[in-house]
Amino acid sequence: MCVITIIWLLTLGNVITANLDPSLNDWTLITSRFMSFDLPIRKYILQVKTTLPEDYDTNPVYNETVRVDKSTTMMVELYDGPTRVGRLTWNSIHYQRGYDVYTEECNTFYVSYRNFPCGGREEQLWAWKFNRNNLELSCDDEVQYSQYFSMGDSFRNLQEKCRDLGRAEISRVAVRFMEGAYVRAVPMETVQEPTTIGFRVATTLATTRPTGPTTSPPLPGPLSFEQDFPTCNCWTPECGYCSNLHCTVKQDLVSSDHGISVRSKLLWGSKRLNSIALYDEKGSILGHFQWGLSGIYLTGCMSCQTPPNLRRARAPIGLTSWVFSLKNLVLQIKINEEVLFERELRGECAEHYSAVRRFAFDGMNCENRFLLQPDMEVGAMINPTCSNSCPMFALADMFGVQRMPFS
């Protein structure tokens, strides 16, 4: 069973003309339960400096008769003129149940951080950043939460509210329950597109070599088509949390006869999915393809239960070889050359994902592998060691330890 949703693309509204509250040019102490500031949030990053409480419980009891201590909770309200258009709530700790961060206009439930924020350090520097298509929350420069405005939850019909938040001309913010913390605004850095992306195509079996300058260091060891690589995780500081083009693979999935061949563990649970980030030519994330034994998802367009025949096809132990294809905008999952799942993208979903030209693996580890194909160009950070993120697997290759071949 699938739930099909339609993705909407966002555009910025009119030019923001609000001015920054002068007090936010430097750290300002929050002295009351409610304070507000003029802040055109698309031009500035909102930073919050706070500390962990001395005592906190990462697994409190939640019921009607017990009041949960929320001394770890912070809240920012967003205003477009006099109208409140958004509310962001987050915690200085990582709860075991994942009740960590929440955008009221986009999330039905609280969302879990990736790990304990700021490495568990007492002093914390939080940053809310509003990009064109999403908002991000980081702690000490490590992104803990990202919400795309086109991906509001359907459970409470939040899709339109989340899109409205992305379109809003936010000119003022109010902070609540943050006495003792400090806030300031930092000008949004202008991200420049690289003049040379630095991709190297695998050339051992190629008849022609790519022309033009490259700035990437040579990849270690000989490369050939049909060579398997680790699924280098793009969700790292070195990869800019999946924003660095050097951590992507260039491939026109819509016209590719090969698709993406992966060998990975297939597991149960929504937090144990194989996840592939899909990009356009310039490196903007269009969405994610995710799947496991419990479900199959395509951002903004598809949410399905994994069919029984696909679940049964997994390897009884170890890794399963599978292929993800998007040729002619038909999403397919194949195992042993057999198509076990197929859905045609239509309408705005087809238009949106027709721009896919790159991909990267998000949250997958070194044990999993993917197959280099003739129509792929790997970024400089994707190599047998994942740029030293997977050194043990490089040593295994060096000493000739055999891995299970793709089947």
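Residues numbered from 1 in each chain as written. Predicted model: local features only at pLDDT ≥ 70, side-chain atom pairs only at ≥ 80, totals over all residues. Heavy atoms only, no water.

Novice: How should I be thinking about the nonpolar core in this particular structure?
Specialist: Across soluble globular proteins, nonpolar side chains have a tendency to be buried as a group. Among the nonpolar cores identified, the biggest contains 45 residues, and Leu-278, Phe-289 and Phe-324 are the most heavily contacted of them. Filtering out sequence-adjacent residues up to four positions away, Leu-278 remains in contact with Leu-253, Ser-284, Ile-285, Leu-286, Gly-287, Phe-289, Leu-298, Phe-324, Tyr-353, Val-356, Arg-358 and Phe-359. Ranked by size, the runner-up nonpolar core spans 37 residues in total, among them Val-101, Cys-118, Leu-137 and Ala-185. (Core = buried A, V, L, I, M, F, W, Y, C linked by side-chain atoms within 4.5 Å. Buried < 20%, exposed > 50% of the residue type's maximum accessible area, 1.4 Å probe, protein only. Contact = heavy atoms within 4.5 Å.)

Novice: Just checking my understanding: could you explain the sheet that holds strand S4 (residues 44-51) for this structure?
Specialist: Consider a sheet: its strands pair through backbone hydrogen bonds, and that pairing is either parallel or antiparallel. Strand order in the open sheet formed by 6 strands is S2-S12-S4-S8-S9-S10, and the pairing between neighbours is antiparallel. The open sheet has two edge strands, strand S2 (28-29) and strand S10 (142-148), and neither has a second partner. Relative to S10, strand S9 (residues 134-139) runs antiparallel, the two sharing 6 bridges. Considered in S10, the bridge of Ser-138 is made with Val-143. (Pairing = 2+ DSSP bridges. Helix = DSSP H or I, 4+ residues; strand = E, 2+ residues; numbered from the N terminus.)

Novice: What's the story with the packing of aromatic side chains in this structure? I'm lost.
Specialist: In this description, an aromatic ring pair is defined by two values, namely the gap between the centres and the angle between the planes. For the structure shown, the criterion picks out 14 aromatic pairs. A centroid spacing of 4.0 Å and a plane angle of 10 degrees characterise the contact between Phe-289 and Phe-324, whose relative ring orientation is stacked. You can see Phe-289 sitting in strand S18 (residues 285-291) and its partner Phe-324 sitting in strand S21 (residues 320-325), a full 35 residues away along the chain. Of the two residues examined, Phe-289 and Phe-324, each falls in the buried class. (Phe/Tyr/Trp six-rings, centres within 6.5 Å; stacked < 30°, edge-to-face > 60°.)

Novice: In this structure, what is going on with a negative patch on the surface? I would like to understand it.
Specialist: On the surface, Glu-54, Asp-55, Glu-122 and Glu-123 cluster together into a negatively charged patch. As for its placement among the helices and strands, Glu-122 is situated in the loop between strand S7 (101-103) and strand S8 (123-130). Classification of Glu-122 by relative accessible area gives exposed; the value is 55%. (Patch = residues over 30% accessible without salt bridge, like charges linked within 9 Å, V, L, I, M, F, W, Y side chains within 5 Å. Areas by Shrake-Rupley, 256 points an atom, 1.4 Å probe, with all protein chains shown as cover. Salt bridge = Lys/Arg side-chain N within 4 Å of Asp/Glu carboxyl O. Lys, Arg positive; Asp, Glu negative; His and termini not counted. Charge placed at Lys NZ, Arg CZ, Asp CG, Glu CD.)

Novice: Explain the sheet that holds S7 to me, please; I cannot follow it from the model alone.
Specialist: Strand order in the open sheet made by the 5 strands is S3-S11-S5-S6-S7, with antiparallel pairing throughout. What marks the edges here is a single partner per strand, and that holds for strand S3 (34-38) and S7. Neighbour-to-neighbour, the strand axes of this sheet turn through a mean angle of 20 degrees, independent of strand direction. Here strand S5 (residues 73-80) pairs with strand S6 (residues 83-91) via 8 bridges, running antiparallel. If you follow Leu-78 over to S6, its bridge partner there is Gly-86. (Axes fitted to C-alpha atoms, helices over the stretch in contact; angles between N-to-C directions.)

Novice: Looking at this structure, how should I read the pattern of salt bridges?
Specialist: It is possible for side chains bearing opposite charge to pair when their charged atoms get close. Inspection of every chain in the model, using the stated rule, returns 16 salt bridges. For Arg-369, the salt bridge identified is with Asp-228, shortest N-O distance 3.2 Å. On the criterion of sequence distance, the pair formed by Arg-369 in strand S25 (residues 369-371) and Asp-228 in strand S14 (residues 228-230) is long-range, its members being 141 residues apart. By relative accessible area, which is 17% here, Asp-228 ends up buried. Salt-bridge contacts for Glu-344 lead to Arg-346; the nearest nitrogen and oxygen are separated by 3.7 Å. This pair shows no difference in class: Glu-344 is exposed, exactly as Arg-346 is. Residues joined by salt bridges that share partners form a network here, namely Glu-77, Arg-84, Arg-87, Glu-104 and Arg-176.

Coordinates in, geometry out; function isn't part of it.
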